[in-house]
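Structural characterization, general
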Amino acid sequence: MTKTELRGHSLIAGSEVTGRAGTAQAVDPRTNAPLDPVYTALDAEQTEEATRAAAAAFAGYRSTSPKDRSTFLDRIADNIDAVRAPLVERAMAETGLPEARLNGEVSRTVGQLRLFADVVRVGNFHGARIDPALPERSPLPRLDIRQRRVPIGPVAVFGASNFPLAFSVAGGDTASALAAGCPVVVKAHNAHPGTSEIVGRAVTAAAAECGIDPGVFSLVYGAGSTIGQQLAADPRIAAIGFTGSRSAGLSLSATAANRPVPIPVYAEMSSINPVIVLPGSLSSDGVGPEALASQFITSLTGSSGQLCTAPGLVLVPEGAPGDGFVDHVAALLPEQTGQTMLTPGIAEAFGTGVAALRSQPGVDEIASGVPGVGENAPAPIVFTTRASEFAANEALAQEIFGAASLVVRYRDAEELRAVLEGLEGQLTATVQATESDFGTVRALLPVLEGLCGRILWGGWPTGVEVGHAMVHGGPFPATSAPATTSVGSLAIERFLRPVSYQSMPPQLLPEPVRDDNPWSVVQLHDGRVKGSNP
């Protein structure tokens, strides 16, 4: 798969479909210039073609063997890798993100697909459990009961603005849904339609090359407020994967909840990712105020701050060591130049958020950088306030999507704890500390576990490793489903549900729970892995 010609139309079950509901163009955020081609938007009837095709493909796709399904995922990865150069070029034009960042995102996208191909081959996600019959048990015999997880049905995925690849057409939501055995209908993000088309054609080609029903994948274009709501309400859609704003995520969740048959919405929405600076990290035994300030600015300004894990809140102790951190931020930040933001609308929203924060009582500006060259490249900025002011004003805890952060000064561990207990759910919480702070950290751990999905010791929250132990999720409003993750192999469980088989004839049992275990999956027999120690 090497062809990258852009046609400007939706891809429904392997066919190119010209929309009948108007047109739109991407814009280069560096110049605000429109980018060809013009994209056509689907009407309601055309959008329904995609969900009908997904529903029709489900029965066959859910029954594919591990070999066939993993080969399909690997082929998608190969096809995306084959168009890396033109894909990165188009993504740069549509997002303003730098080449190195986008190359890394291609690698992450390809890596996710291959991770889930391996998950399918290993087969642990089936969750096979076998409680063999105990006919001699007293006072009552036990029947043979077996359990596995099955795919839930077609999934609607919404591409994210800030990750045009890793959280978009063939990103983590799509990869995990396809791995689970669920067809996918992707709503392309209107900010990067060309990037989406290139990837969409790679997925479509992979299905054809692997002999997979083309209805397993569709890519649809149109207004998010109309097509998005239609997909959320469509009775053929069994779940939704979404990364974006809180307002859009809640709107989709409301529609999905109010259906005659409600469905789950796995929405990753908003987070300010508190970084807790404890005294030890500012001492000679720790990183020190200057290095911490430098690391903070690097984390804050990367990708123009347009990361869901950007450090939007830094909690710093009062006193001389904390003053040193603030002084170094004030000295270093003016050297930073603003980077192009993803869209003119996002840049405008950033300006509005900064103005609102600046107007709040008790908030002072520490420093700002300088605007970047060209359009939509506002200066990074950092503010400060006291913990008492922060606790009394909910407006200070609002996310600003971009390179803006608030440093909150706290008196002691008690005031720090109070601030953390007052926060909404978060994706991450980071602790900067040394061994001298272990007592404080130990006392805060239960609070942090209730606050977020990932706790970091040292480091900075930006950057998410894709693997088996990662959690990219958290309590509401970081996500709409706190028991799940959108990154890592555990993401597959969002699109599965358990089914038990009681006293089923052996000839009718599905492969994962058969005694001969033809797929060689891990099976729990009476709660223990077969062959393990009692």
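Every value quoted in this text rests on a predicted model; they were computed, and no experiment measured them.

Digging into empty space enclosed by the protein
What the rule picks out here adds up to 4 cavities of 30 Å³ or more. By volume, the largest cavity is sized at about 150 Å³. In this structure, the largest cavity is lined by 16 residues; those nearest its centre are Ile272, Gly312, Glu399, Ile400 and Ala404. Per element, the largest residue contribution to the lining of the largest cavity is 3 residues, and it comes from strand 16 (residues 404-410). Reported here for the second largest cavity is a volume of approximately 60 Å³. In this structure, the second largest cavity is lined by Tyr266, Ala267, Glu268, His472, Gly473, Thr479, Ala481, Thr484, Thr485, Ser486 and Arg494. The residue makeup of the lining of the second largest cavity, split by class, is 3 nonpolar, 6 polar and 2 charged.

Describing the pattern of salt bridges
Under the counting rule described, the total for this entry stands at 30 salt bridges. Taking the shortest distance from any N to any O, the salt bridge between Arg121 and Asp74 comes out at 3.0 Å. Of the two residues, Arg121 sits in helix 4 (residues 99-122) while Asp74 sits in helix 2 (residues 66-82), which places them 47 residues apart along the sequence. By sharing partners, the salt bridges in this structure join Glu5, Arg7, Glu16, Glu197 and Arg201 into a single network.

Thoughts on the UniProt feature "domain: Aldehyde dehydrogenase" (unreviewed entry) in the chain
Taking the UniProt record as the reference, the feature "domain: Aldehyde dehydrogenase" (unreviewed entry) is found at residues 22-433. Between the end C-alpha atoms of residues 22-433 the distance is 55 Å, and the span holds 44% helix and 19% strand.

Side note on the nonpolar core
The biggest cluster of nonpolar side chains holds 91 residues, and the ones touching the most others in it are Phe72, Ile76, Ile80, Leu315 and Leu420. With 8 residues, helix 4 is the largest single contributor of residues to this core. There are two domains that each give this core at least three residues, and those are domain 1 (10-269 + 484-494) and domain 2 (274-457). Val220, Ala232, Phe242 and Leu252 belong to the second-largest nonpolar core, a separate cluster that totals 21 residues.

Let's talk about the domain arrangement of the chain
Domain parsing of the chain yields domain 1 (10-269 + 484-494) and domain 2 (274-457). The gap between the C-alpha centroids of domain 1 and domain 2 is 33 Å. Across the boundary between the two partners, domain 1 contributes 16 residues, which contact 17 residues of domain 2. Here domain 1 meets domain 2 over a buried area of about 1,300 Å², counting both sides, of which 54% is carbon and sulfur. Seen at the junction of domain 1 and domain 2, the total is 1 salt bridge. Along the contact surface separating domain 1 from domain 2 lie 6 residue pairs in polar contact (both at pLDDT 80 or more).

The rules behind these values
Residues numbered from 1 in each chain as written. Predicted model: local features only at pLDDT ≥ 70, side-chain atom pairs only at ≥ 80, totals over all residues. Heavy atoms only, no water. 1 Å grid on protein atoms, 1.4 Å probe; cavity = no way out; pocket = protein on both sides within 12 Å on 5 of 7 lines; lining within 4 Å. Points joined across faces, edges and corners; volume = space filled by probe spheres on them. Helix = DSSP H or I, 4+ residues; strand = E, 2+ residues; numbered from the N terminus. Nonpolar A, V, L, I, M, F, W, Y, C, P; charged D, E, K, R; others polar. Salt bridge = Lys/Arg side-chain N within 4 Å of Asp/Glu carboxyl O. UniProt positions renumbered as here; feature names shortened; annotations may be inferred. Core = buried A, V, L, I, M, F, W, Y, C linked by side-chain atoms within 4.5 Å. Buried < 20%, exposed > 50% of the residue type's maximum accessible area, 1.4 Å probe, protein only. Domains from an automatic or database assignment. Contact = heavy atoms within 4.5 Å. Buried area = accessible area lost by both parts, 1.4 Å probe. Polar contact = N/O pair within 3.5 Å; in protein donor to acceptor, adjacent residues only side chain to side chain.

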